[in-house]
Number of protein chains: 2
Amino acid sequence: MNIGLLGFGTVGTGVYEIIYKRKRIFRTLVGDELSISKILIKDINKDRSIKECKNKLTDNPYFILDDPDIDIVIEAIGGIKEAYEYIKYALIKGKHVITANKAVVARHMKELIDLANKNKRAFLYEASVAGGVPIVKPLKQQVTLNDIKEINSILNGTSNFILSKMIKENLDFSQALDIAQKLGYAEADPTDDIDGYDVRRKLAILSTIAFKREIKEEDIYCRGIRTIKAVDIKAIKELGYTVKLLAKALFNENNYYLSVEPNILSKDSFYAKVEDANNLVSIIGNDIGELKFYGAGAGKLPTANAVVSDVLDIIYNNYGSCGINQEEDKLCNNTDLVKDIYYIRISPKYGLNEKVLNLIKEEKIVDKIIKTGENIIFTSKDIDYVKISRFISNIKNFINDEFYAVIR
Amino acid sequence: MNIGLLGFGTVGTGVYEIIYKRKRIFRTLVGDELSISKILIKDINKDRSIKECKNKLTDNPYFILDDPDIDIVIEAIGGIKEAYEYIKYALIKGKHVITANKAVVARHMKELIDLANKNKRAFLYEASVAGGVPIVKPLKQQVTLNDIKEINSILNGTSNFILSKMIKENLDFSQALDIAQKLGYAEADPTDDIDGYDVRRKLAILSTIAFKREIKEEDIYCRGIRTIKAVDIKAIKELGYTVKLLAKALFNENNYYLSVEPNILSKDSFYAKVEDANNLVSIIGNDIGELKFYGAGAGKLPTANAVVSDVLDIIYNNYGSCGINQEEDKLCNNTDLVKDIYYIRISPKYGLNEKVLNLIKEEKIVDKIIKTGENIIFTSKDIDYVKISRFISNIKNFINDEFYAVIR
């Protein structure tokens, strides 16, 4: 069995290492050698730490995609456009495809699954959600036997690391982000991680599997952690709580509601114990009750381990369709499903801002004032997301991002 | 595809319910009907809540085991001798077998797996460990890609419920057991659950898979929660900790150490958050790091869900050998792997007992005295299990179970 590896960065080299470390086991399983026969890289002249792969390197993807001896293509180049094109091409050429690329999966899931099914090949993406935590496959299995009612999850290591730091050391978001970037936990442009887009992609993938319907990123209400400050963390800690960026999905008959938002949680909750770059996914099914899956949400070897577990499933011929419902049922993104109480801070720059105060009054959302003065902090009534998002976009007309925070 | 169901108690009726509830899905998967064609019961005349199964009932196991139209036998009668015989007979007759019976699996795992492999049939037992939590299959998958170094787990709902009650309401063990029995969380004879034997079976199964060696129940050091009293809980809570019955396995080269013991834990640990009849299994692999699996450790539908997930694996032709190592490698149950500090309480009945005091002095295990008087409470030095178990068996010569407690 031959593998073509697209990309030789963190995940790609991890996959290479694991497959060669486990050579003996794979030989027993496959009956034959399992070999990475070609590797796509950008720069053929770059010096690489893995020397023995030199004669396998190519900078032409079609040397791999058109090679009839290659059975499995592992996409690990990242990005969207090219990755999507190569995956599609490989499936059309009758190859099994494995990817860790959540952006491509979230955007093209249905099309690529349909294409794989049509060609009787596997399209697997365990590593695209929650890194090393086995969740895609267990969820697919549970979905056959259960109606999934709910998903609650911590799916982004970067923002979880930043929030942990802020809570432990009473830092502002910007200070914690700075540390995260220095330690390599956050990228130079951290937008995807801290504004929730990375989590939203993962939630789109999980809910598409769980609800057997195509759920798009755009269907998910999404707010990140950018506007949270030390003053918020302090107030929340004083109330005896903590903050996590949670991805939630609710499903009930034909109504669903999906959100990515910072959430206030009891310090005693399971979620509160998830530190640094770890992930936690909870799924609730009608018969199975609540299952929780926890582990490393990122990292070279955990992620590569998930990719190679997909290779095993192809070897064992153990891959099915995801079972996205083809029926045109009336799905409704129903905001009535969820109402909640929000923590809100407003910090008008130059003392009290009349317009902001009027806005708060007009919206009639205040339940309890916690603090006044430089920072006005209050808890809202039990309101739905239409109300809170209208409130947030109105607030934005008057003050900058740094002068407010809204936490569910 | 036809299923023969042995036993129609809690698990058996649960399996029946789920399979009929999911009829439509199974029809899509199997292409044909998936049907429970015969059910073994003890009393053919007993009135049953599920009426439509009446013509399927039999009190003769061989009507099922010898029926050439039955493809899968699900054993749900419990007990050891007959269950073992029926499973073996079914495998010899070329049927796939699924069981939730941890006692049989722990005792006969290697023999039954070998028999199933020889006959090219499945022998699956997902429900035998941690009820509804998918752990057997994920562990089998990780084992191929990882060297498993460690397992840490809460695997018994009854003792976990009792400990939770004791901690929340400051009760003695006997009071909490009484409540557990009244609520149906503990059986009339609770020995297996509270003395750790049930957990030991589950740990034997998990470590056999994880370490690819046949691990026997007798290889596992085992103490339950019977001697813990309200005074212990009080002292431990005052120190800022909590207590859980943990099953642990350590593996390093050819050395291993396995134990079932009550353990003192930080109130902030994940394990401390596992309440009532829930289970938690953590596995640590060299590449994957730590994975945690959490869910309902018992209950009709969660357990039946796990059984039916094994049916799915048979339908998908997705079952492999467990891969118990056939080599005669020098395995060593090495107590040097683990040293730990123990909490010890001695309560001699009539004031201070000279013999007990002398014993404590002789063994030189005391590190810090926490309390004297009616109850002598101290923490031990960092000692291994040989020393602590010799101490416990010596103590037993002088005082009854109710007058001491040892918690790791």
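Residues numbered from 1 in each chain as written. Chains lettered and ligands numbered in written order. Predicted model: local features only at pLDDT ≥ 70, side-chain atom pairs only at ≥ 80, totals over all residues. Heavy atoms only, no water.

As annotated in an unreviewed UniProt entry, chain A carries the name Homoserine dehydrogenase and comes from Clostridium sulfidigenes. The Sequence similarities (unreviewed entry) comment attached to chain A in UniProt states, word for word, "Belongs to the homoserine dehydrogenase family." (UniProt positions renumbered as here; feature names shortened; annotations may be inferred.)

Visitor: Outline the overall build of chain A, listing residues and values.
Guide: Scanning chain A from N- to C-terminus turns up 14 helices and 19 strands. Taking 22 Å as the expected radius of gyration for a compact globule of 408 residues, we find that chain A reaches 23 Å, a close match to that expectation. Within chain A, buried positions represent 57% of all 408 residues. For chain A, the distance from the average site of its 59 positive side-chain charges to the average site of its 57 negative ones is 2 Å. (Helix = DSSP H or I, 4+ residues; strand = E, 2+ residues; numbered from the N terminus. Rg over C-alpha atoms; globule rule 2.2 N^0.38 Å. Buried < 20%, exposed > 50% of the residue type's maximum accessible area, 1.4 Å probe, protein only. Lys, Arg positive; Asp, Glu negative; His and termini not counted. Charge placed at Lys NZ, Arg CZ, Asp CG, Glu CD.)

Visitor: I'd like a rundown of the UniProt feature "binding site: NADPH" (unreviewed entry) in chain A, residues and numbers included.
Guide: UniProt records the feature "binding site: NADPH" (unreviewed entry) for Lys102 of chain A in the present numbering. When residues no more than four places from it in sequence are discounted, the contact partners of Lys102 of chain A are Ser128, Asp198, Arg201, Lys202 and Ile205 of chain A. (Contact = heavy atoms within 4.5 Å.)

Visitor: Explain the interface of chain B and chain A to me, using residue names and the numbers behind them.
Guide: Contacts between the two partners involve 40 residues from chain B, matched on the other side by 40 residues from chain A. Together chain B and chain A conceal approximately 3,500 Å² of surface at their shared face, both sides included; 55% is due to carbon and sulfur atoms. Among the residues chain B hides against chain A, the three largest losses belong to Leu145, Phe270 and Asp287 of chain B. Together they make up 20% of the total. Asp147 of chain B is the salt-bridge partner of Arg22 of chain A, the closest N and O atoms lying 3.4 Å from each other. Taken together, chain B and chain A are joined by 15 residue pairs in polar contact (both at pLDDT 80 or more). Listing elements by their share of the side of chain B that touches chain A, those giving two or more residues are helix H1 (10-21), helix H2 (23-30), helix H6 (136-145), strand E12 (289-296) and helix H12 (300-315) of chain B. (Buried area = accessible area lost by both parts, 1.4 Å probe. Salt bridge = Lys/Arg side-chain N within 4 Å of Asp/Glu carboxyl O. Polar contact = N/O pair within 3.5 Å; in protein donor to acceptor, adjacent residues only side chain to side chain.)

Visitor: Could you give me a rundown of a nonpolar patch on the surface, with the residues and numbers involved?
Guide: Taken together, the side chains of Leu239, Tyr241 and Ile370 of chain A present a nonpolar region at the surface, about 250 Å² in accessible area. Residue position: Tyr241 of chain A is located in strand E9 (residues 241-252). (Patch = residues over 30% accessible without salt bridge, like charges linked within 9 Å, V, L, I, M, F, W, Y side chains within 5 Å. Areas by Shrake-Rupley, 256 points an atom, 1.4 Å probe, with all protein chains shown as cover.)

Visitor: Tell me what's going on with the sheet that holds strand E5 (residues 96-99) of chain B, and back it up with residues and numbers.
Guide: Residues and elements named next belong to chain B. Spatially, six strands are ordered E3-E2-E1-E4-E5-E6 in an open sheet, and the strand pairing comes out parallel. In this open sheet, the two strands that pair with only one neighbour each are strand E3 (57-58) and strand E6 (123-124). As paired strands, E5 and E6 are joined by two bridges and run parallel to one another. Its bridge partner lying in E6, Ile98 is registered against Leu124. (Pairing = 2+ DSSP bridges.)

Visitor: Can you lay out the packing of helix H2 (residues 23-30) of chain A against helix H12 (residues 300-315) of chain A for me, pointing to particular residues and giving the numbers?
Guide: All names here are of chain A. The N-to-C vectors of H2 and H12 enclose an angle of 20°; their axes lie 11 Å apart at closest approach. Compared by their axis directions, H2 and H12 come out roughly parallel. By crossing handedness, the relation of H2 to H12 is classed as right-handed. Contacts from Phe26, Leu29 and Val30 in H2 reach Val308, Leu312 and Ile315 in H12. Of the residues contributing to the contact of H2 with H12, the split by class is six nonpolar, no polar and no charged. (Axes fitted to C-alpha atoms, helices over the stretch in contact; angles between N-to-C directions. Parallel < 35°, antiparallel > 145°, perpendicular 65-115°, else oblique. Left-handed = near helix turned anticlockwise from the far one by under 90°. Nonpolar A, V, L, I, M, F, W, Y, C, P; charged D, E, K, R; others polar.)

Visitor: Residue-level account of the relation of the copies chain B and chain A, with values.
Guide: Rotating chain B by 180° about the axis while translating it 0.0 Å along that axis superimposes it on chain A, leaving an RMSD of 0.0 Å. Given the turn and translation reported, the copies of this chain are related as if by a two-fold rotation axis. When C-alpha distances to the rotation axis are compared across chain B, the minimum falls at Phe293 of chain B, with a value of 2.5 Å. (Least-squares fit on C-alpha atoms with pLDDT ≥ 70 in both.)

Visitor: Kindly report on the domain arrangement of chain A, identifying the contributing residues and their values.
Guide: All names here are of chain A. Under the domain assignment used here, chain A contains domain 1 (2-124), domain 2 (136-296 + 331-336) and domain 3 (338-407). Placing the centre of domain 2 and that of domain 3 at their C-alpha centroids yields a distance of 23 Å. Interface area, domain 2 with domain 3, both sides summed: about 1,700 Å², of which 63% is carbon and sulfur. Between Arg345 and Asp232 there is a salt bridge whose closest N-O contact spans 2.6 Å. Looking at which element gives the most residues to the side of domain 2 that touches domain 3, the answer is strand E10 (residues 255-266), with five residues. When the residues that make up the side of domain 2 that touches domain 3 are grouped by side-chain class, the tally is 11 nonpolar, three polar and six charged. (Domains from an automatic or database assignment.)

Visitor: Could you give me a rundown of unusual backbone geometry, with the residues and numbers involved?
Guide: One non-glycine residue, Asp276 of chain A, lies in positive phi territory at about 55°. Of note, Asp276 of chain A is situated in the loop between E10 and strand E11 (278-285). One non-glycine residue with positive phi stands out, namely Asn170 of chain B, at about 50°. Inspection of the secondary structure puts Asn170 of chain B in the loop between helix H7 (157-169) and helix H8 (173-182).

Visitor: If you had to explain the packing of helix H1 (residues 10-21) of chain A against H12 of chain A to someone new, which residues and values would you point to?
Guide: All names here are of chain A. Running from amino to carboxyl end, H1 crosses H12 at an angle of 65°, the nearest separation of the two axes being 8 Å. Relative to H12, the element H1 lies roughly perpendicular. Here H1 runs over H12; the crossing is right-handed. Facing H1, whose interface residues are Thr10, Val11, Thr13, Gly14, Val15, Glu17, Ile18 and Ile19, H12 presents Lys300, Leu301, Thr303, Ala304, Asn305, Val307 and Val308. The residue inventory of the contact of H1 with H12, partitioned by class, reads eight nonpolar, five polar and two charged.

Visitor: So, helix H7 (residues 157-169) of chain A: which residues are in play, and what are the values?
Guide: All names here are of chain A. Its 13 residues give H7 an end-to-end C-alpha distance of 18 Å, which sits within 8% of 18 Å, the value for a rise of 1.5 Å per residue. Extensive coverage of H7 is indicated by the burial of 11 of its 13 residues. Taken as a whole, H7 has its buried residues at Gly157, Thr158, Ser159, Asn160, Phe161, Ile162, Leu163, Ser164, Lys165, Met166 and Ile167. Capping the start of H7 is the job of one residue whose side-chain oxygen sits 3.2 Å from the backbone nitrogen of Thr158: Asn156. Downstream of H7 by a residue or two, Asn170 has a phi angle that is positive, lying close to 50°. (Expected span 1.5 Å × (residues − 1).)

Visitor: Describe the pairing of strand E15 (residues 343-346) of chain B, listing the residues and the values that go with them.
Guide: Residues and elements named next belong to chain B. Alternating residues of E15 divide into Tyr343 and Arg345 and Ile344 and Ile346, and every residue in both groups is buried. The pairing of E15 with strand E17 (residues 376-380) spans four bridges and is antiparallel. What sits directly across from Ile346, in E17, is Ile376. For E15 and strand E19 (residues 404-407), the ladder comprises four bridges, and the chain directions are antiparallel. Each bridged residue has a counterpart across the sheet, and for Ile344 the counterpart in E19 is Val406.

Visitor: Break down the UniProt feature "domain: Homoserine dehydrogenase catalytic" (unreviewed entry) in chain A for me, with residues and values.
Guide: Within the UniProt annotation, "domain: Homoserine dehydrogenase catalytic" (unreviewed entry) is assigned to residues 134-312 of chain A. Across residues 134-312 of chain A one finds 41% helix and 27% strand; the C-alpha atoms that close the span lie 13 Å apart.

Visitor: Would you mind going over the environment of Val231 of chain B in detail, with residue names and values included?
Guide: All names here are of chain B. Along the polypeptide, Val231 turns up in helix H11 (residues 230-238). A C-alpha to C-alpha distance of 54 Å links Val231 and Asn317, two positions 86 residues apart in sequence. Once you skip the residues sitting within four places of it in the chain, Val231 turns out to touch Tyr343, Arg345, Lys371, Asn375 and Ile377.

Visitor: Could you give an account of the pattern of salt bridges, naming the residues involved and the relevant values?
Guide: For the structure on display, the rule yields 54 salt bridges over all chains. For Arg408 of chain B, the salt bridge is made with Glu261 of chain B, and the minimal N-O distance between the two is 3.1 Å. Taken together, the residues span a long stretch of sequence, with Arg408 of chain B in the segment after E19 and Glu261 of chain B in strand E10 (residues 255-266) at a distance of 147 residues. For the pair formed by Arg408 of chain B and Glu261 of chain B, the shared burial category is buried. Where salt bridges share partners, they join Arg223, Glu261, Asp340 and Arg408 of chain A into one cluster.

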